[in-house]
Amino acid sequence: MERKKDMEEYLKDYRINRFEDKRVRLNQYESKLSSTFQNKLRVLIIEQENRQKENSEDKIKCFYLCRLMSSDYTESYESILGMSSSTLYLDEKRSQVYWIPECIYETIDKDMVEAEKILRRKFICIQEFELFYIKRKLLDDDWKLLKKVFVTLSKQSMNLIMNSSLKLDDEFLLLCGNYMENLKIMLQARVRN
């Protein structure tokens with residue numbers, strides 16, 4: 001087993017405890033993010049309503065959250081919220097906005113200090129690329145939490161979509177995943193037009 005995997009295994013308990021602590025605070029994250037989430041959703045709705053005025057045949061089927069893998073490197077922790085037809089990435093009239101769910105990622109630097117302290121008990125001469133590997137694992141854990149928050153916030157905000165003048169497909173999907181990859185269906189709803 002290569003050393004990065006050994007480090008990952010050594011931090012297993014820390015990651016489990018960290019995730020559980022963050023999961024317990026899930027309601028706080030939802031309430032902190034609700035306002036910015038709904039503001040971004042309103043922007044998407046307005047943009048799509050304007051586009052549908054030009055072409056009334058397009059119907060919205062997908063509302064999605066995409067993780068930008070580059071944000072791990074830039075430390076921006078941006079995600080993309082978007083709306084599209086059933087063609088998703090091929091929809092030239094899809095709408096997308098950047099969303100930074102700051103409170104999900106606000107402790108990452110402190111968490112990395114703690115993770116490094118734990119690792120130094122067993123490993124010497126830890127390299128930067130190894131620490132970055134561990135950081136990405138912590139960010140993966142945070143992404144799992146953000147997906148749960150996205151579903152909850154979307155359910156709470158569904159009235160914004162349903163009470164708008166958007167033309168919706170018969171089936172409405174909430175999707176999550178890495179940008180330009182296969183997105184996972186998080187929620188499926190039938191729409192009565």
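Heads up: the structure comes first, above all this text.
Residues numbered from 1 in each chain as written. Predicted model: local features only at pLDDT ≥ 70, side-chain atom pairs only at ≥ 80, totals over all residues. Heavy atoms only, no water.

Participant: I'd like to hear about empty space enclosed by the protein, residue by residue, with values.
Facilitator: Summed over all chains, the structure comprises 1 cavity of 30 Å³ or more. Of the residues that constitute the lining of the largest cavity, the class distribution is 4 nonpolar, 2 polar and 3 charged. (1 Å grid on protein atoms, 1.4 Å probe; cavity = no way out; pocket = protein on both sides within 12 Å on 5 of 7 lines; lining within 4 Å. Points joined across faces, edges and corners; volume = space filled by probe spheres on them. Nonpolar A, V, L, I, M, F, W, Y, C, P; charged D, E, K, R; others polar.)

Participant: How would you sum up the packing of aromatic side chains? Please name residues and give values.
Facilitator: By the definition in use, this model includes 8 aromatic pairs. Here Tyr10 and Phe123 contribute two aromatic rings whose centre-to-centre distance is 5.9 Å and whose plane-to-plane angle is 85 degrees, an arrangement assigned as edge-to-face. Of this pair, Tyr10 sits in helix α1 (residues 3-10) while Phe123 sits in the loop between α6 (108-119) and α7 (128-162); the two residues are 113 residues apart in sequence, bridging distant segments of the chain. Overall, the relative accessible area of 33% leaves Tyr10 in the partly exposed class. With a centroid separation of 6.0 Å and an interplanar angle of 65 degrees, the aromatic rings of Phe37 and Phe63 are classed as edge-to-face. Taken together, the positions of Phe37 in helix α3 (residues 26-54) and Phe63 in strand β1 (residues 60-67) put the pair 26 residues apart, joining distant regions of the chain. Taking relative accessible area as the criterion, Phe37 reaches 0% and is therefore assigned buried. Among the aromatic residues, those joined into a cluster by ring pairs are Phe37, Phe63, Trp99 and Phe150. (Phe/Tyr/Trp six-rings, centres within 6.5 Å; stacked < 30°, edge-to-face > 60°. Helix = DSSP H or I, 4+ residues; strand = E, 2+ residues; numbered from the N terminus. Buried < 20%, exposed > 50% of the residue type's maximum accessible area, 1.4 Å probe, protein only.)

Participant: Which residues make up the pairing of strand β2 (residues 79-84), and what are the values?
Facilitator: Counting buried positions along β2 gives 6 out of 6 residues, so the element sits mostly inside the fold. Pairing analysis gives 5 bridges linking β2 to strand β3 (residues 95-99), with the strands arranged antiparallel. The residue bridging Ile80 from the neighbouring strand is Tyr98, located in β3. (Pairing = 2+ DSSP bridges.)

Participant: Residues and numbers for the packing of α3 against α7, please.
Facilitator: Between α3 and α7, the shortest axis-to-axis distance is 9 Å and the interhelical angle comes to 50 degrees. Put simply, α3 runs oblique to α7. Classified by chirality, the crossing of α7 by α3 is right-handed. Residues Leu26, Tyr29, Glu30, Leu33, Ser34, Phe37, Gln38, Leu41, Arg42 and Ile45 of α3 form the contact with α7, whose own contacting residues are Leu145, Val149, Phe150, Thr152, Leu153, Ser154, Gln156, Ser157, Leu160 and Ile161. (Axes fitted to C-alpha atoms, helices over the stretch in contact; angles between N-to-C directions. Parallel < 35°, antiparallel > 145°, perpendicular 65-115°, else oblique. Left-handed = near helix turned anticlockwise from the far one by under 90°. Contact = heavy atoms within 4.5 Å.)

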